[in-house]
Amino acid sequence: MQPRYKALSVHLLTATGAVLSMLAMLAAVEGLWSMMFLWLVLALIVDGIDGPLARRYDVSTNWPTYDGVLLDLIIDYLTYVFIPAYALFKSGLLPGWTGWIAIIVIVYGSVIYFADTRMKTKDKSFAGFPACWNMVVLVLFATEPPRILILAIVILLTVAMFTNLKFIHPVRTERWRNISLPVSLFWVVCAGWAAMHNFAPGSWSHLGLGLASTYLLLAGIAQQMFPQRPGGL
């Protein structure tokens, strides 16, 4: 296959995220939360695959007609932000005024963050929390903490989007990637298992989600606290 058609196929793969987001939204409207999260996890897998493929086949050179970065951002806003925020509001985890505050904070803060040209650091990590609300809300569905704690988490993570705190990209951040990538894959397995079993209490997947999420949330900050030495970790 010619390089240009390989590049086009990567764009088309990225675009499937729009279909997956629609399927997730349709499930959410019906209150089928497990099915919604399964579609979102599948979209997360596509998002994890298309980036390395885009760089491998140099899509900006071989098929420059389509803007892969813009395409990715549009789909990410749907799958990472908009649909999870809707689920958090409609599921009853945050009833009344707490739900209204949460969805406004999430969608407003995230769209500003997505437009920030400083969101990536030199080591390909994220400057500020990268608005991965799909992951956060899934963990909240699995653990069901008190609503005040949920609201506090939402507000704190939104504030964290506009700080200099570093959050790793499991694929692109080279430092600790031999740990970060397996942990991310483990998170996906736990998320899929939890969703398939309707977030049944006591599942091993809930503990796995908690441990993996803690690492993914704090690894970048730990790297800031302990700068890399030349030739070291």
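Below you will find a few notes about this structure.

As for helix H9 (residues 204–225)
- The end-to-end C-alpha separation of H9 is 31 Å, in line with the 32 Å expected for 22 residues at 1.5 Å each.
- At Leu218, H9 is bent by approximately 40 degrees, the largest bend along its length.
- Within the sequence span of H9, burial applies to Ser205, His206, Gly208, Leu209, Ala212, Tyr215, Leu216, Ala219, Gly220, Ile221 and Gln223.

With respect to the packing of aromatic side chains
- One pass over the full model with this rule turns up 11 aromatic pairs.
- Both rings, one in Tyr5 and one in Trp63, keep their centres 6.4 Å apart while their planes meet at 45 degrees; by these two values the pair is tilted. Taken together, the residues span a long stretch of sequence, with Tyr5 in helix H1 (residues 3–29) and Trp63 in the loop between helix H3 (59–62) and helix H4 (68–90) at a distance of 58 residues.
- Its relative accessible area of 40% is what places Tyr5 among the partly exposed residues.
- One aromatic cluster is present, built from ring pairs that chain together Trp33, Phe37, Phe141 and Phe199.
- Lying over the aromatic face of Tyr5, Arg4 brings its terminal NZ or CZ to 5.0 Å of the ring centre.

Some details on the pattern of salt bridges
- Applying the stated criterion across every chain yields a total of two salt bridges.
- A salt bridge links Lys166 to Asp123, with the shortest nitrogen-to-oxygen separation between them at 2.6 Å. Highlighted residues: Lys166 in strand E2 (residues 166–167) and Asp123 in the loop between helix H5 (97–114) and strand E1 (126–127), separated in sequence by 43 residues.
- With relative accessibility at 27%, the residue Asp123 sits in the partly exposed group.

Digging into the packing of H5 against helix H7 (residues 147–160)
- The contact between H5 and H7 brings their axes to 10 Å, and the two run at 20 degrees. Classified by the angle between their axes, H5 and H7 sit roughly parallel to one another. For the element pair H5 and H7, the recorded crossing hand is left-handed. Packed against H5, whose contacting residues are Trp97, Thr98, Ile101, Ala102, Val105, Ile106 and Gly109, the element H7 presents Arg147, Leu151, Val154 and Thr158 at the interface.

Focus on the side chain of Ser205
- Along the polypeptide, Ser205 turns up in helix H9.
- Looking at Ser205, the relative accessible area reads 0%, which means it is buried.
- One polar contact links Ser205 to Ser203, side chain to side chain, over a distance of 2.7 Å.
- Contacts of Ser205, omitting those with residues within four sequence positions, involve Cys190, Trp193 and Ala194.

Some details on unusual backbone geometry
- Despite not being glycine, Asp58 has its phi angle at roughly 45 degrees, a positive value.
- Examined against the element boundaries, Asp58 turns out to sit in the loop between helix H2 (33–56) and H3.
- You will see that Ala131, though not glycine, has its phi angle at about 55 degrees, which is positive.
- Mapped onto the fold, Ala131 is located in the loop between E1 and helix H6 (133–143).
- Residue class for Ala131 comes out buried when judged on its relative accessible area of 0%.

Notes on the environment of Arg147
- For Arg147, the location among the structural elements is in helix H7.
- We classify Arg147 as partly exposed; its relative accessible area is 38%.
- Counting along the chain gives 54 residues from Arg147 to Leu93, while the straight-line C-alpha distance between them is 6.5 Å.
- Sequence-distant contacts of Arg147, defined by excluding residues within four places in its chain, comprise Leu93, Leu94, Pro95 and Thr98.

Notes on the nonpolar core
- Residues Met36, Phe37, Leu88, Phe129, Trp133, Trp187 and Leu209 are the most contacted members of the largest nonpolar core, which totals 60 residues.
- Listed by contribution, the elements that provide at least two residues to this core are H1, H2, H4, H5, H6, H7, helix H8 (177–196) and H9.
- In terms of residue count, the dominant contributor to this core is H6 (nine residues).
- Once you skip the residues sitting within four places of it in the chain, Phe129 turns out to touch Tyr113, Val136, Leu157, Ala160, Met161, Phe167 and Leu217.

The rules behind each value
Residues numbered from 1 in each chain as written. Predicted model: local features only at pLDDT ≥ 70, side-chain atom pairs only at ≥ 80, totals over all residues. Heavy atoms only, no water. Helix = DSSP H or I, 4+ residues; strand = E, 2+ residues; numbered from the N terminus. Expected span 1.5 Å × (residues − 1). Bend = angle between axes of the 7 residues up to and from the residue. Buried < 20%, exposed > 50% of the residue type's maximum accessible area, 1.4 Å probe, protein only. Phe/Tyr/Trp six-rings, centres within 6.5 Å; stacked < 30°, edge-to-face > 60°. Lys NZ or Arg CZ within 6 Å of the ring centre and 35° of its normal. Salt bridge = Lys/Arg side-chain N within 4 Å of Asp/Glu carboxyl O. Axes fitted to C-alpha atoms, helices over the stretch in contact; angles between N-to-C directions. Parallel < 35°, antiparallel > 145°, perpendicular 65-115°, else oblique. Left-handed = near helix turned anticlockwise from the far one by under 90°. Contact = heavy atoms within 4.5 Å. Polar contact = N/O pair within 3.5 Å; in protein donor to acceptor, adjacent residues only side chain to side chain. Core = buried A, V, L, I, M, F, W, Y, C linked by side-chain atoms within 4.5 Å.

These figures come from the coordinates and say nothing about function on their own.
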